[in-house]
Amino acid sequence: MGHKELSSRENWESKSGKKAQIAEQNLIKAFENHFFKSDFEIIDHPAQLKNLYSQVNLSKEEEKQIYNPNIDISEKKWGVSPDFAIKNNKTQKILFGEIKRQDGWVEGKSPNAGRGNAHERLCKLFTPGLLKAYRTISKIDDQNFLPFWVVFQGDITRDPKRVREITYWFDTYKRNYFFWRPTMTDQDLIQFFEKWIKQYLL
């Protein structure tokens, strides 16, 4: 990839990153207002999972085959940082969340407008190791519900390919994701939480 292409990509990623930050803050504010003076709180980038990977002990045979820098790995923040968490301070149950803001193929745009991999990055949440950690920390043990909630925002929520793709990934776990479409308000987001999510934190 040449300098011109890299420069263009950096500009696109910078704009995309700013839009994602705005999307996160919109969600945080909506729930801060909703949870005011209640047992619930929303946490911006919770820290419980930040050291997950640094705690992994490898076999001696495995360690012989990798680079082992002379550092204290236990102090490294090698893990994951969810965008938000919703906690019931009464039951101590926690629902970890991601907000994925992405462009998409809608009216007036070409199919390649749906490029980007923000939605694909959420797939790590389905891995056995992370699922186990999320479930243990969250204290959500209902097997019919995943210990995380993903909120999608932007044109991806109306993209004919991406919506089908995401729907297929989640399969029967319909409550674990929400398409927060441009025509919707904070109230639509809150209502979905109250109707389908809150019960798992009680």
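Residues numbered from 1 in each chain as written. Predicted model: local features only at pLDDT ≥ 70, side-chain atom pairs only at ≥ 80, totals over all residues. Heavy atoms only, no water.

On average, residues of the chain score 90 in pLDDT, and 90% of them are at 70 or above. Taking the mean pLDDT of every element in the chain, the minimum, 71, falls on helix α1 (residues 3–34) and the maximum, 98, on strand β2 (residues 84–88). (pLDDT = per-residue confidence, 0-100. Helix = DSSP H or I, 4+ residues; strand = E, 2+ residues; numbered from the N terminus.)

Aromatic ring pairs: the centre-centre distance and the angle between the two ring planes describe each pair. Within this structure, the stated rule accounts for 18 aromatic pairs. Here the aromatic rings of F31 and F193 are separated by 5.4 Å at their centres, their planes lie at 80°, and the arrangement is edge-to-face. With F31 in helix α1 and F193 in helix α5 (residues 186–197), the pair connects residues that are 162 residues apart, well separated along the chain. On the basis of relative accessibility, which here comes to 0%, the residue F31 falls in the buried class. When the centroid spacing of 5.2 Å and the interplanar angle of 65° are considered together, the rings of F96 and Y134 count as edge-to-face. Separated by 38 residues along the polypeptide, F96 in strand β3 (residues 93–101) and Y134 in helix α3 (residues 128–138) bring together distant segments of the chain. For the pair F96 and Y134, a shared accessibility class is recorded, and that class is buried. One aromatic cluster in this structure is built from F31, F35, F40, F84, W149, F178, F192 and F193. (Phe/Tyr/Trp six-rings, centres within 6.5 Å; stacked < 30°, edge-to-face > 60°. Buried < 20%, exposed > 50% of the residue type's maximum accessible area, 1.4 Å probe, protein only.)

Judged by nonpolar contacts, the single largest core of 25 residues is most densely connected at L27, F31, I86, W149, V151, L189 and F193. For this core, the secondary-structure elements that each account for two or more residues are α1, β1 (40–44), β2, β3, β4 (148–153), β5 (177–180) and α5. Among the nonpolar cores identified, the runner-up in size contains 20 residues, and A85, L146, F170 and F179 belong to it. (Core = buried A, V, L, I, M, F, W, Y, C linked by side-chain atoms within 4.5 Å.)

For the rest of this paragraph, the subject is the environment of Q65. If you trace the backbone, Q65 turns up in the loop between α2 (60–64) and β2. Residues Q65 and K37, 28 residues apart in the sequence, show an inter-C-alpha distance of 54 Å.

Take Q102: it is sitting in the loop between β3 and α3. Its relative accessible area of 4% is what places Q102 among the buried residues. If we skip the residues at most four places from it in the chain, Q102 touches G114, R115, G116, N117, A118, H119, Q153, G154, D155, I156 and R162. (Contact = heavy atoms within 4.5 Å.)

Moving on, we get to the sheet that holds β5. The five strands are arranged β1-β2-β3-β4-β5 in an open sheet whose pairing can be described as mixed. Either end of the sheet is taken by a strand with one partner, and the two such strands are β1 and β5. If you compare each strand with its neighbour and ignore which way they point, the axes differ by 25° on average. Pairing of β1 with β2, which is carried by five bridges, proceeds in the antiparallel orientation. (Pairing = 2+ DSSP bridges. Axes fitted to C-alpha atoms, helices over the stretch in contact; angles between N-to-C directions.)

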